[in-house]
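# Structural overview
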Amino acid sequence: MNHYRRTAVSLAAAQAALLCSGLAFAQTAPAPASAASAPDAKPQQTQKIESVVVTGRRAALESAQRIKQNSDEIVDSIVADDIGKLPDRSVTEVLQRVVGVTIDRTMAKGDPEHYSVEGSSVNIRGLSYVRSEVNGRDTFSANGGRALNFEDVPPELMAAVDVYKNPTAAQIEGSIGGLVNLRTAMPFDYAGFKGQVTASGNYNKLQGRFSPSASGLLSNRWMTDAGDFGVLLSLAHSKSTTRTDLWQVEPYYKIDGTHWAPKGAQWRDSNFERNRDGAYAAAQWKKDNVSSSLTYFQSKYKMQWDENALFAQTNPWNIVIGSDAKYNSNNVFVSGTLTAPADGGVNFGADTRYMTRNSKTRDLAWNLAWKASDRWSFSTDLQLVKSDTRGFDSTVATGLLMPKENLDLTGSTPRVVFDSSDLAALQNKANYYWAFTMEHLDRSKAEQKAWRADGKFNFDHAVLQDLSFGIRLTDRDAMTTKTVPDYNWSAITQTWQRGWDISDVAYLSDPRFNAPTRLHPFTNFFGGQSVPAVYVPDVSLAKDYPTSYTALHKYHDIRCQEFTAANGWGSGCAAWAPASFGTDPAGNNEQHERSQAAYAQLRFDFTDSGTPIDGNVGLRAVRTEMKASGYTVFNNKADQPNPNQTVRGLAVPNIANFSTPINAEQSYINVLPSLNLRLKSTDNLQFRAAVARGVSRPDFADMQAYTTMDLTTTKHTENNDTVLVIDAVNLSGTANGNPLLKPIKSTQVDLTAEWYFSKNGSLTLALFNKQLSDIIVKQSATVQLRDTANNPLNFTVTSPVNGAKGHARGFEIAFQRYLDMLPGWLAGIGVQANYTYVDSKTKPYNPVNSPFCAGTSTGAENLNLNINGCDTDGRTFGNLPLTNLSKNAYNLALLYDWGPVSARVAYAWRSKYLQGVNVNGTRNGDGRLADSTSVAYALPTWSDAYGQIDAGITYRFTDKFSLSLEGQNLNNALARQLMQQNIGLMTRAVNYTGRRYSVQASYAF
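Since the model is a prediction, treat every value here as computed from it, not as a measurement.

## Side note on the pairing of strand S2 (residues 101-104)
Across the two faces of S2 the burial is the same, with Val101 and Ile103 and Thr102 and Asp104 all buried. Where S2 lies against strand S5 (residues 121-124), four bridges are found, and the strand directions are antiparallel. By the bridge assignment, Val101 is partnered in S5 with Ile124.

## Thoughts on the packing of aromatic side chains
Applying the stated criterion to the full structure yields 39 aromatic pairs. Here Trp434 and Tyr555 contribute two aromatic rings whose centre-to-centre distance is 6.2 Å and whose plane-to-plane angle is 50°, an arrangement assigned as tilted. In this pair, Trp434 sits in strand S24 (residues 432-458) while Tyr555 sits in helix H6 (residues 547-566), placing the two residues 121 residues apart along the sequence. For Trp434, a relative accessible area of 0% puts it in the buried group. Each ring, one from Phe957 and one from Phe961, has its centre 5.5 Å from the other, and the planes form 35°; the classification is tilted. On the basis of relative accessibility, which here comes to 48%, the residue Phe957 falls in the partly exposed class. Taken together, the aromatic side chains of Trp247, Trp267, Phe418, Phe522, Phe525, Phe526 and Tyr992 make up a single cluster linked through ring pairs. The ring centre of Tyr818 lies 4.2 Å from the NZ or CZ of Arg58, which sits over that ring. A cation sits over an aromatic face here: Arg221 above Phe188, 4.3 Å from the ring centre.

## Quick notes on the state of the cysteines
Counted under the stated rule, the structure contains two disulfides. Across the disulfide, Cys560 is cross-linked to Cys573 (sulfur-sulfur distance 2.0 Å). Judged by the sign of its S-S torsion, about -95°, the cystine formed by Cys560 and Cys573 is left-handed. Highlighted residues: Cys560 in helix H6 and Cys573 in the loop between H6 and strand S30 (580-581), separated in sequence by 13 residues. The buried category is assigned to Cys560, whose relative accessible area is 2%. On the basis of relative accessible area, Cys573 is assigned to the buried category, the value being 17%. Put simply, Cys853 and Cys870 are joined by a disulfide, and their sulfur atoms are 1.7 Å apart. The sign of the 60° torsion about the S-S bond sets the Cys853-Cys870 disulfide as right-handed. On the criterion of sequence distance, the pair formed by Cys853 in the loop between strand S41 (829-844) and helix H7 (863-868) and Cys870 in the loop between H7 and strand S42 (888-898) is long-range, its members being 17 residues apart. Each member of the pair, Cys853 as well as Cys870, is classed as buried. Ordinal numbering of bonded cysteines along the chain defines a disulfide pattern of 1-2, 3-4.

Rules of the game
Residues numbered from 1 in each chain as written. Predicted model: local features only at pLDDT ≥ 70, side-chain atom pairs only at ≥ 80, totals over all residues. Heavy atoms only, no water. Buried < 20%, exposed > 50% of the residue type's maximum accessible area, 1.4 Å probe, protein only. Helix = DSSP H or I, 4+ residues; strand = E, 2+ residues; numbered from the N terminus. Pairing = 2+ DSSP bridges. Phe/Tyr/Trp six-rings, centres within 6.5 Å; stacked < 30°, edge-to-face > 60°. Lys NZ or Arg CZ within 6 Å of the ring centre and 35° of its normal. Disulfide = S-S within 2.5 Å.

Below, the structure written as structure tokens:
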């Protein structure tokens, strides 16, 4: 490794020395073309780059259109209409305006229960295999993935966002879905001194809170005898606060053998606060034919998120449906009363959750370019990226027993209805008890060093334009540490523990259990609905981990000692222990990756030969080396008899617990050809065809080298518990990841028709087909161990594998124009519209087909459940689409630009899409088959169709000063979540975020 690093650095240093002496070569890294002018069209013609002065939405639209029309590739762009002023409050929201792009509004993968107001992840043409760049250079966040978290990036620092739909040989590999390039300004973008300051205030109506934001830019350039110099500095700070209110319904069970009913409904509110700081600095120098630039980009944020919730936790098979219940035609409960006499009441939980995250990404890059002659040019580029993140997530909960629960599921939002006796019970601490704790910690660090060298040769030829070529070397390390167990749920006192290891639950009214609580009022819930206050743990208990957890779990020990003393069993109460963090190898994921890439790309133009066709053809070859360190761990968890029991049944193999290090290595080569063709029928009408081979490397989170194998037994007892009978010996295992995973591959074809009928008017159509292979899925394999007698034991181990193929195909259509033909102020009216249709399908290489699920595990080893999903009665679903993919999506915008006024009203909509199959909240092990056998279920969870209206207006008082007013979610849209069951797509949740407003003032100088 050291030798490799010395080689890369010494090569770069030697090349820089040769460049400065004028004796050898260098280059500008062939980042995706982003200039707003066309490449050279004829031999020996100097490439002309237009300078686009952005003065409003109309000018920004024209600039973006020129980029799309003149680019060598298929690209869509959004350009800032002023310094630091993209048209939305986050980069993620900006991206949703691009045709073919959709955003996901959940806070984390695998947890669709928690809503993200700004959006979290980005899909392009239905695929999540999206790569991110800043100024044409690869960048990422330290989260176990490979892309940048776009919500981490201050939009105030961005000059434009480019979305490339089909990879070319000159682009860095890894973008099957697409490539998002975030562009910042450079000092030479301005003729001389330039400055701008912007301040804004943001108001969240649901919270009733203001939050400030500010940004500034200073840039200058000087012409001296030593060359042209330029320096730019841009800073941004923002504070964002949002709130989400939630009504939620639990999965439906066939409770009485005839009627389907949920085990309850619940509500919660959550508050999100983020302080984000961004810094960007750039220096440029140019003298004669040599130029250089140095850039530094930093984004960091501190986030705090808290939640208070009331949630149902009753045993569904103890629920009794009241005589007042009403049902639909499918015998599905729609309203009525639920009771649970066997549990002593309907059981709820009331929690306080507190989560923090600190993240930082830093990107330092240096470029040196030399135009050696009219025909030869070279450049070299060095980059260092460092990213780290640290998170803490803590939940403490009380429990609550209510006499009954009255549900009304007939309206647009589910409701829990309380009468006066219910309200009195909610105010009585004697009905509450200490229920559980759950902690999670994580930290991640990632670092990448990259060096590239590129050259270009311009042909003096009627057809051949130029040949670009280059190499790129990278060295990347990533380390993630999580708690083990990851989210460590631990009971304090639960109703099901009564008579097992505790005498009773720890009631809040008992002075021995007097940890602080508070009455949480759910103020202004859903903008004005009335829900009762409940007692929740004070937030100090969630913050003060592990000290507070230790104190709370002593409440269990008190109740346990009471129980064991009453039964004469002595002291058998195990003390609570926190989840391990940094000490258990199961929580560590260490990855090392190196890559060496080389490419060549030829541009051609047949226009002078009588055929109006131009384009490029290229080939990229990349070799990847991967290393991962971890462990294989075996746990013998066979049931053991107590001293008074004898054992019968199956023999249990004798194998000792062990832990063995894993050092996994692999390397592979990908050869990636690409072809881009453009036919210019007229100056305004053109057609494109693009064919390419692409890859997307697995996320580091999927490549962890850690495997656990467990020997467990199934048992029963006889003769008053004096005989232990072993019914079955189970040999299973789970790999947290697979360090031998290969990239997902795609062969993709794009066809476009583009009509540019005015400076700001266009109608474009794009057809695409991406054929995917080696999609990552879960799959089981046999791993053999030997017992102490050397007998082979075959364990079934589940791990991620390259185990499926599929496709994503469809079309995009986009239209935009200002109505310049209208008289006077009416000419300021503009329209933007786009629509995307995507069809997808996956086909496992080794499909799992079973009409019913089996077993009570919701873990990775339950393949039928994970791949196909299962209902609460065990029936399998199957035939599910790719996750996060909407078949239909569209954007509509009404624009106005006339004189000092610039305005926009925009509506973004996407149809329903699958969020996940085995995800938090809609899975459990308490389902039942028709014969009453217990079975695990996992309901496919969907996000329902969603559309949101945003608007903004800017008034320019002078050329230097402007004032803007913006509003988000002006239609007060509700984000609805669905859960798939055989009785239909049932409402799982309804999220309410309310309207948000901001006022912004900008001054340029």
